Amino acid sequence: MVSRDRRIAAVARTVRLVPALLASVLTLAGCGGGVHGTPGGSGVRDPYFPKAGNGGYDVAHYALRLTYAPDAHHLTGTATVTARATQDLSAFNLDFEGLEVERVTVGGETARWNRAGQELTVRPHADIDRDDTFHVTVRYSGAPETVTDPDGSREGWLRTADGALALGEPTGSMTWFPGNHHPSDKAAYDLTVSVPQGLRAVSNGELRSERTARGRTTYRWHTGEPMASYLATLAIGRFDISRSRTPDGLPVYTAVDPAEAAASRPVLGRIPEVLRWAEKRFGPYPFSSTGAIVDRAADLGYALETQNRPVFPGAPDLTLLVHELAHQWYGDSVSPKSWRDMWLNEGFATYAEWMWEEDHGGKSAQETFDLLYSGDSSDSGDSSDTEETEEAAESVWAFPPADPPSAARISEAPVYWRGAMVLQKVRQVVGDEKFWRILKGWAAAYRHGNADTADFTAYVEKQAPGEDFEGIWEDWLYGEGEPERP
């Protein structure tokens, strides 16, 4: 009797399992024979920052909602990242450093997650199919960190005398919002930030609204054109705000620390003039607004080409303004594929300085080239310019601009000055008329995209098919030491 009951029970269990087993088989058949997603890569193998960025998806949009209390140095945030899967995903990573993660959802459903260093690994409730768009939301809070670059400079979330300044080159943006923090993945941004009443919050793009209630002011900023995360900025503090338009109607928004206002006014007033000149040399301005953020030098220490609105450490001089605005074309619109391609940012912006001087009654670009090559800056005029040129001339041959030896050296003189010398060598070969076309065409061909050195050399060769550039690439771009000069 007992044995029969057991057999009956076993049969009953089998009968109950058949529908479930059948459903499982059908589900697997519908999924392509049991093919499951795999985790996206934790990094994109950048030669200098291998953990920066992540594989398996491409970000389209960041929606960031932040609340900051400067006195307590406390940031509360919700980041919603909209992305497209580039493979079947069972898990994916976000770059995020420091702040405490409270909750993660994917498609509105709670997701499992864990952290290891700068990697936030997210495991969604169900696999994400290739080419599907998905939304991941991360809630977080805490004291945002300041990090030190390999070259010794400070980035991330910088506390200032009256607030904070967020800067991201090369990887500091991961200290205040999670994301795919490599320049090869650009996206649009919407940033909403709440700060104590009396302080301002200034970011990239255009200010959509400003509202004060219950002792706090909320600012909403929108950046519609693609932006690499290292170019995102947020300045919180007391600023004098100026709004105007260029003669062509482009909005100009400047935010200046009151202590720097008087000294900054004459130079910032020339933004429309510099842009008008730059458009003649580089082509149409690539963004929907322009401007600047000027904070106190003691709180910052360096300028950065943050998109739409470069940041300056104290009142800038005209040469620095030209450099950072030139980056809006070269670095911000045409962004590097990897940090090895930094010279495509800095060599071009440095050459813009040379062109500005040449076009405005100063040394020609060739004369600047000659001074750097000879190491003799005795005829450079201004004493500060002389000192800077001599310093660059001593170190310009330290390594090839297209192949810095380490992450600590991607912002050294060869990247800037020898990078600009490469452009002057191209100009010598092709002549002025074709060279100006190459500068404009390069900015147009990769507008709002990414490029590397191989893209640039191929582009130049295509534009001047009858010329020989092999010596320039071998000796000036990739060669060790000082090239022989014909």
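Only a predicted model underlies this, so the values are computations on that prediction, with no experimental measurement involved. (Residues numbered from 1 in each chain as written. Predicted model: local features only at pLDDT ≥ 70, side-chain atom pairs only at ≥ 80, totals over all residues. Heavy atoms only, no water.)

## A closer look at the overall build of the protein chain
In step 1: The helix and strand tally for the protein chain stands at 11 helices and 23 strands.
In step 2: Within the protein chain, buried positions represent 53% of all 486 residues.
In step 3: Within the protein chain, contacts between residues separated by at least 24 positions form 67% of all contacts whose residues are at least 6 apart in sequence.
In step 4: For the protein chain, the computed accessible surface area is about 20600 Å², with 49% contributed by carbon and sulfur atoms. (Helix = DSSP H or I, 4+ residues; strand = E, 2+ residues; numbered from the N terminus. Buried < 20%, exposed > 50% of the residue type's maximum accessible area, 1.4 Å probe, protein only. Contact = heavy atoms within 4.5 Å. Areas by Shrake-Rupley, 256 points an atom, 1.4 Å probe, with all protein chains shown as cover.)

## Here we look at the nonpolar core
In step 1: Of all hydrophobic cores here, the largest spans 134 residues; its most connected members are Phe92, Phe134, Trp176, Leu234, Phe282 and Trp343.
In step 2: Excluding residues within four positions of it along the chain, Phe282 makes contact with Trp277, Ala326, Trp329, Tyr330, Ala352, Met355, Leu439, Lys440 and Ala443. (Core = buried A, V, L, I, M, F, W, Y, C linked by side-chain atoms within 4.5 Å.)

## Details of helix H2 (residues 261-268)
In step 1: Taken together, the buried positions of H2 are occupied by Ala261, Ser264, Val267 and Leu268. Seen along its axis, H2 keeps its buried residues to an arc of 130°; they face one direction. Exposed side of H2, more than 90 degrees from the buried face: Ala262, Arg265 and Pro266 are the residues found there.
In step 2: Its buried side turned inward, H2 meets strand E18 (240-245), strand E19 (251-256), helix H3 (271-282), strand E20 (290-295) and helix H4 (318-326). (Arc of directions from axis to C-beta.)

## So, the packing of helix H9 (residues 432-445) against helix H10 (residues 453-463)
In step 1: Where H9 contacts H10, the two axes come as close as 10 Å, and the packing angle between them is 135°. Here H9 lies oblique to H10, going by the angle between them. When you trace H9 past H10, the crossing you get is right-handed. Here Lys434, Arg437, Ile438, Gly441, Trp442 and Ala445 of H9 come into contact with H10, specifically with Asp455, Phe456, Tyr459, Val460 and Gln463.
In step 2: When grouped by side-chain class, the residues that make up the contact of H9 with H10 number 6 nonpolar, 2 polar and 3 charged. (Axes fitted to C-alpha atoms, helices over the stretch in contact; angles between N-to-C directions. Parallel < 35°, antiparallel > 145°, perpendicular 65-115°, else oblique. Left-handed = near helix turned anticlockwise from the far one by under 90°. Nonpolar A, V, L, I, M, F, W, Y, C, P; charged D, E, K, R; others polar.)

## Observations concerning unusual backbone geometry
Outside of glycine, negative phi angles account for most residues, and trans bonds account for most peptide bonds.
In step 1: The omega torsion across Glu169 and Pro170 is 0°, close enough to zero to call that bond cis.
In step 2: Mapping Pro170 onto the fold places it in the loop between strand E12 (164-167) and strand E13 (187-196).
In step 3: The backbone of Arg45 sits at a positive phi, close to 60°, despite the residue not being glycine.
In step 4: Tracing the chain through its elements places Arg45 in the loop between strand E1 (38-39) and strand E2 (57-69).
In step 5: Note on Arg45: relative accessible area 77%, which makes it exposed.
In step 6: Positioned with a positive phi, His448 is a non-glycine residue whose angle comes to about 60°.
In step 7: Position of His448 relative to the elements: it lies in the loop between H9 and strand E23 (449-451).

## Here we look at the sheet that holds strand E9 (residues 133-142)
In step 1: The mixed open sheet is built from 8 strands, whose spatial order is E6-E5-E9-E3-E2-E13-E16-E15. The two strands at the open ends of the sheet, each matched to only one other strand, are strand E6 (109-110) and strand E15 (206-213).
In step 2: Bridging between E13 and strand E16 (residues 216-227) involves 9 bridges; their strand directions are antiparallel. Looking at E16, one finds that Val193 is bridged to Tyr219. (Pairing = 2+ DSSP bridges.)

## Notes on the side chain of Thr82
In step 1: Inspection of the secondary structure puts Thr82 in strand E3 (residues 74-85).
In step 2: Apart from residues no more than four positions distant in its own chain, Thr82 is found in contact with Asp58, Val59, Ala60, His61, Thr133, Phe134 and His135.

## So, the environment of His73
In step 1: Within the secondary structure, His73 is located in the loop between E2 and E3.
In step 2: We classify His73 as buried; its relative accessible area is 13%.
In step 3: When the C-alpha positions of His73 and Gly142 are compared, they lie 8.1 Å apart, and in sequence the two are 69 residues distant.
In step 4: Looking at His73, its side chain comes within polar contact range of the side chain of Tyr68, at 2.9 Å. (Polar contact = N/O pair within 3.5 Å; in protein donor to acceptor, adjacent residues only side chain to side chain.)

## Thoughts on a negative patch on the surface
In step 1: Negative charge collects at one region of the surface, where Glu461, Glu467, Asp468, Glu470, Glu474, Asp475 and Glu484 lie side by side.
In step 2: Considering the arrangement of structural elements, one finds Asp468 in the loop between H10 and helix H11 (470-477).
In step 3: You can call Asp468 exposed: its relative accessible area is 59%. (Patch = residues over 30% accessible without salt bridge, like charges linked within 9 Å, V, L, I, M, F, W, Y side chains within 5 Å. Salt bridge = Lys/Arg side-chain N within 4 Å of Asp/Glu carboxyl O. Lys, Arg positive; Asp, Glu negative; His and termini not counted. Charge placed at Lys NZ, Arg CZ, Asp CG, Glu CD.)

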